[in-house]
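# Descriptive structure summary
The lines below spell out each chain.
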Amino acid sequence: MKFLREQLDKQKPLFEKGGKFEKFYYLFEANETFLFSPDSTAGAKGVQIRDAVDLKRLMMTVVIALLPCLLFGIWNSGHQSFVATGKSGDFLAEFLLGAQLVLPIVIVAYAAGGLVEVVFAIIRKHPINEGFLVTGMLIPLTLPSTIPLWQVAIATIFAVVIAKEAFGGTGMNILNVALTARAFLYFAYPQQIAGDKVWTYIGDGATVDGYSGATPLGIAAGATDPKTWVEGTTVIQALGSTTEKWADGLYSSWNLFFGAYPGSIGSTSVIMVGIGALILIATGVGSWKTIVSCFAGGWVMGLILNQFGSNEFTQIPPHYHLIMGGFAFGAVFMATDPVSSAQTELGKWIYGFLIGVITVIIRVLNPGYPEGIMLAILFMNVFAPLIDFYVVGANKKRRLRRATV
Amino acid sequence: MSKTIKLKKGFNINLAGKAEQKIADDVRPDTYALKPTDFHGMTRPKLSVAVGDNVKAGSPVLYDKLSPEIHYTAPVSGEIVEINRGAKRKILEIKILADKEVSYESFDKYSVSDLKGLSREDAQAQMMKSGVWPNIVQRPFGIVADPADTPKSIFVSTFDTHPLAPDYGFTLQGQEQYFNAGVAVLKKFTSGDVNVNIDGKSEVSSVFSSVEGASVNKVSGPHPAGNVGIQIHHIDPIGKGQIVWTLKPQGVVEIGKLFLEGIYDASRVVAVAGSEVTKPHYYKTYLGACVDKFLANNLKQDHVRVISGNVLTGEKIAGNGYIGYYDQQVSVIPEGDYHEMLGWIKPSGRLSFHRAFGLFSFLSPKKEHVMDSNTRGEERAFVVSGVFEQVTPMDLYPTYLIKAIMAEDYEDMEGLGIFEVIEEDLALCEFVDVSKHDIQEILRTGINLIKES
């Protein structure tokens, strides 16, 4: 330990102003502060003591909150592959197959994103930001386990450059970086991220009889097309009948809640997202207001559509919206991103609620995009500053009124 | 009109080394100093004395060229021994070697009943001449009040919620009559109320409870409930173009003494506290005292940071430095210039407002913490939202205000309430800030911009 410190102290002058590797100071700083918290002290004036928290710890809290989703996603990726090909395997075999599929995606996302961070830190002379610890984990969890690795790399680079660095780096970005990566893939390479065929790794094996890789949202969206939809079946019946031949109960409400069904790696299990949500809320790192209002918005909009339904999808019980697809994951981990979310407390209620509402609108009324949460959050990211503008504006008005009376 | 204000937002920092309620009066520092840097509004300090001059308590020492009629006077009698200058010959300290027995300049003396007939002009002239005037701090901006103004109200917060803060009821015990006289004089300066704000939670010292002619408000809540700026916001908020004057209770007592006794008596009781002080308790001394005698044989170790004032708003001083004009407290904490292996993720019981992974201090709210001056992390971009608002019990958005200052957006600074806050009101924001910005410094930059615009 002491040796390490001595080595760092020895190398440090090389990276400081005037040193040989001055350009790479922030790369050095990132490594140094990872190993040792800095020995800097409070200034002569102002606070003389500081809170024990720092950004690294905060970001690690989010990463820890994501771990249940990651572990479950690894198992589920393997499990779905076994189910689809009719093989039988124990938990360990499923988990190992999942790890083979998922871990490379995680590693590529971290490596590609980390590289961009370092390059920009050197060019722009700003510190390497810990926010990437979270983004690098979020990106893989929103993708199917079958995604080609080169696409992961391109999407990550695109998102970090365009969504973050182009706006001035961490803290300045308007859009959620991880969702930008996913949206990029969604529109640039739809074959690999949308449709029935992409969610489950089949490998060399053959699928079982009657297999359909459709996600629950894909099946539900079918209800909006009167030509193919069998009149009179509800969405819930369709969810059951599509899968009963090869995996009975795959899309039962319990299993949608549990999460063992095809979907993005980390976002299928409401239980695991729930554990993450508990961690975020208990530690105060994620805003419970955003999470609660987002769920409320989705549920209320589902209820409203129930009243004005024109097809079977609108008639689905509203809680189904909350357990299908990535709704819960988006609400808990994406909507709460403090930088791209609304920043005022009142604004967070409005922002979250509208995300929920818009997600359900996109899902039900625009079946071209079965998963609405991604677009809803990106859309509300753009509007968050406007919400804050009015909330803060109201504060200014109160102050002005006081001055004139 | 008396009001009762209950505040919920805020955060109490519970530090080890609280001052025991015991006053030592046998420790007498040799030197005392006035520091022009204690006064924010003072842009061009000028000397009235030279090295070698003899002064009495109340003799002029210093003035601001822009308002020469306000005298900054010697707290004790003695000889001017040193004028300490910094870069560009900026005056830093004017040191006085104190006489054994303090002798005083004499000013007009009044009886309690005479005070009623005293005019504002006479009171003002005596206050400006004697050296008690700088006790009046004007809001907005937190600068020494301009005698030409008539404030809409005057505020005195009789309790201090900062970490290790002195108990004013204790430091001013037995000074009821002076406090009352001070309030009576101050009433002449405002058309509105003199607001004396007392702690709504604890028993109130008789010094403040017997005050006459003032409106007494009860304020309760965690820190910063004791900050006068927070109290003004809830009782009589400042709008653009309005002025409120604020004083510490010590200042009110000095004004009262000036008129009842005819002298400028800068004696005061200061708390010497903090985890590194062997025997933390109170000392009876004078304004601007050198701290060396208080700390001699009274420190647990050498590697410490001595602070004039409290750990949130104070200023680091040398081990033989001087207590600031507005401070009645010396805090001594360990210096934090060390690295810590994986300190960013190691679980720790260190005090934190947050509950992020590995921070457990919220589980034991009663624990007294030993905190050092380490920053516990590096400066980063603003990422987290909503935290500043949780420690600022005002209808105000500190994050937006700070960003407006950084962008030098004058209109937004005004709209977001820069007239209502000074450093101490946002000090907790600086403490809890995950991104480790110097919030108080940024705020002062903004105040200076607005003041000069």
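What counts as what
- Residues numbered from 1 in each chain as written.
- Chains lettered and ligands numbered in written order.
- Predicted model: local features only at pLDDT ≥ 70, side-chain atom pairs only at ≥ 80, totals over all residues.
- Helix = DSSP H or I, 4+ residues; strand = E, 2+ residues; numbered from the N terminus.
- Rg over C-alpha atoms; globule rule 2.2 N^0.38 Å.
- Buried ≥ 20, exposed ≤ 12 C-beta atoms within 10 Å, placed from the backbone.
- Contact = placed C-beta atoms within 7 Å.
- Pairing = 2+ DSSP bridges.
- Nonpolar A, V, L, I, M, F, W, Y, C, P; charged D, E, K, R; others polar.
- Axes fitted to C-alpha atoms, helices over the stretch in contact; angles between N-to-C directions.
- Parallel < 35°, antiparallel > 145°, perpendicular 65-115°, else oblique.
- Left-handed = near helix turned anticlockwise from the far one by under 90°.
- Core = buried A, V, L, I, M, F, W, Y, C linked by C-beta atoms within 7 Å.
- Expected span 1.5 Å × (residues − 1).
- pLDDT = per-residue confidence, 0-100.

### Here's the deal with the overall build of chain A
- Along its length, chain A carries 17 helices and one strand.
- The C-alpha radius of gyration of chain A comes to 23 Å, within 12% of the 22 Å expected for a compact globule of 405 residues.
- With respect to the principal axes defined by its C-alpha atoms, chain A has extents near 75 × 70 × 35 Å.
- Residue burial in chain A is summarised as follows: out of 405 residues, 53% are buried.
- Of all intrachain contacts in chain A linking residues separated by at least 6 positions in sequence, the fraction that spans at least 24 positions is 71%.

### Some words on the overall build of chain B
- Counting its regular elements, chain B contains 13 helices and 21 strands.
- For chain B, whose C-alpha radius of gyration is 22 Å, the value lies close to the compact-globule estimate of 22 Å for 453 residues.
- If you line up chain B on its principal axes, its C-alpha atoms span 65 × 50 × 50 Å.
- With 453 residues in all, chain B has 54% of them scored as buried.
- Once local pairs closer than 6 in sequence are excluded, the contacts in chain B between residues at least 24 apart make up 69%.

### Focus on the sheet that holds strand 12 (residues 153-157) of chain B
- Strand order in this open sheet of seven strands is 1-14-13-12-15-10-11 (chain B), and the pairing throughout is mixed. Sheet topology places strand 1 (4-6) and strand 11 (143-144) of chain B at the edges, where each strand pairs with a single neighbour.

### Observations regarding the interface of chain A and chain B
- The interface is formed by 53 residues belonging to chain A together with 65 residues belonging to chain B.
- Broken down by secondary-structure element, the contributors of at least two residues to the side of chain A that touches chain B are helix 2 (25-35), strand 1 (36-37), helix 3 (55-85), helix 12 (270-283) and helix 17 (373-404) of chain A.
- Class assignment of the residues belonging to the side of chain A that touches chain B gives a composition of 21 nonpolar, 19 polar and 13 charged.

### Examining the packing of helix 12 of chain A against helix 15 (residues 327-334) of chain A
All names here are of chain A.
- The interhelical angle for the contact between helix 12 and helix 15, taken along N-to-C directions, is 15°, at an axis separation of 9 Å. Taken together, the axes of helix 12 and helix 15 lie roughly parallel to each other. For the pair helix 12 and helix 15, the sense of crossing is left-handed. Listed contacts from helix 15 to V270, V273, G276, A277 and L280 of helix 12 are A328, F329, V332 and F333.

### Focus: the sheet that holds strand 19 (residues 315-317) of chain B
All names here are of chain B.
- Here we have six strands laid out as an open sheet, ordered 2-17-16-20-18-19, and mixed in their pairing. Only two strands of the sheet have a single partner each, and these edge strands are strand 2 (20-24) and strand 19. When the angles between neighbouring strand axes are averaged without regard to direction, this sheet yields 35°.
- Bridge analysis of strand 18 (residues 304-308) against strand 20 (residues 329-334) gives five bridges, and the strand direction is antiparallel. Within strand 20, the position partnered with R305 by the bridge is I333.

### Focus on the environment of Y261 of chain A
- By the secondary structure assignment, Y261 of chain A is in the loop between helix 11 (253-258) and helix 12.
- Spatially, the C-alpha atoms of Y261 of chain A and Y110 of chain A are 26 Å apart, while their sequence positions differ by 151 residues.

### Overview of the pairing of strand 6 (residues 60-64) of chain B
Residues and elements named next belong to chain B.
- Pairing analysis gives three bridges linking strand 4 (residues 45-47) to strand 6, with the strands arranged antiparallel. Following the sheet pairing, K46 is matched in strand 6 by Y63.
- In this structure, strand 6 lies alongside strand 7 (residues 67-73), joined through three bridges in antiparallel fashion. Looking at the pairing, P60 lines up with T73 of strand 7.
- Taking the residues between adjacent antiparallel strands as the criterion, strand 6 and strand 7 are bridged by two residues.

### Let's talk about the nonpolar core
- With 246 residues, the main nonpolar core has V332, I355 and I377 of chain A together with V183, V272, V330 and L401 of chain B as its most contacted residues.
- Residue contributions to this core peak at 13 residues, all from helix 3 of chain A.
- Aside from chain neighbours lying at most four places away, what touches V272 of chain B is A19, V277, P280, H281, Y283, F294 and V330 of chain B.
- The next biggest cluster of nonpolar side chains, apart from the first, holds six residues, and it includes Y25, A30, A121 and I128 of chain A.

### Some details on the packing of helix 4 (residues 91-124) of chain A against helix 5 (residues 131-141) of chain A
All names here are of chain A.
- Running from amino to carboxyl end, helix 4 crosses helix 5 at an angle of 140°, the nearest separation of the two axes being 8 Å. With respect to their mutual orientation, helix 4 and helix 5 come out oblique. Crossing angle aside, the handedness with which helix 4 passes helix 5 is right-handed. Each of V102, I105, V106, A109, Y110, G113, G114 and E117 in helix 4 lies in contact with helix 5, whose residues at this interface are F132, T135, G136, M137, I139 and P140.
- The class makeup of the residues in the contact of helix 4 with helix 5 is nine nonpolar, four polar and one charged.

### Quick notes on helix 4 (residues 176-186) of chain B
- For helix 4 of chain B, the buried fraction is high: nine of the 11 residues fall into the buried class.
- Where helix 4 of chain B is concerned, the buried positions are Y178, F179, N180, A181, G182, V183, A184, V185 and L186 of chain B.

### Digging into helix 12 of chain A
Residue and element names in this part refer to chain A.
- If you check helix 12, its first and last C-alpha atoms are 20 Å apart, about what 14 residues at 1.5 Å a residue would give, namely 20 Å.
- Those residues of helix 12 that sit buried are V270, M272, V273, G276, A277, I279, L280 and T283.
- On its buried face, helix 12 is in contact with helix 3, helix 11, helix 13 (288-307), helix 14 (318-323) and helix 15.
- Once helix 12 finishes, G284 follows within two positions and takes phi at roughly 75°, a positive value.

### Quick word on unusual backbone geometry
Residue and element names in this part refer to chain B.
- The omega torsion of the bond from R139 to P140 falls at -5°, within 30 degrees of zero and hence cis.
- By the element assignment, P140 lies in the loop between strand 10 (137-139) and strand 11.
- For the peptide bond that leads from H223 to P224, omega is 10°, which places it in the cis range.
- Residues other than glycine seldom take positive phi values, yet K88 does so here, at roughly 55°.
- With respect to the helices, strands and loops of the structure, K88 is situated in the loop between strand 8 (78-85) and strand 9 (91-98).

### Things to note about the environment of G241 of chain B
Residues and elements named next belong to chain B.
- Position of G241 relative to the elements: it lies in the loop between helix 6 (228-235) and strand 15 (244-247).
- G241 sits in the exposed class, given 8 other C-beta atoms within 10 Å.
- In sequence terms G241 and H303 are 62 residues apart; their C-alpha atoms lie 47 Å from each other.

### Comments concerning the environment of L346 of chain A
- One can find L346 of chain A in helix 16 (residues 345-365).
- For the pair L346 of chain A and V392 of chain A, spaced 46 residues apart in the sequence, the C-alpha separation amounts to 9.7 Å.

### Let's talk about the confidence of the model for chain B
- For chain B, mean pLDDT is 93; residues scoring 70 or higher make up 100% of the total.
- The ipTM assigned to the predicted complex is 0.89, against a pTM of 0.92.

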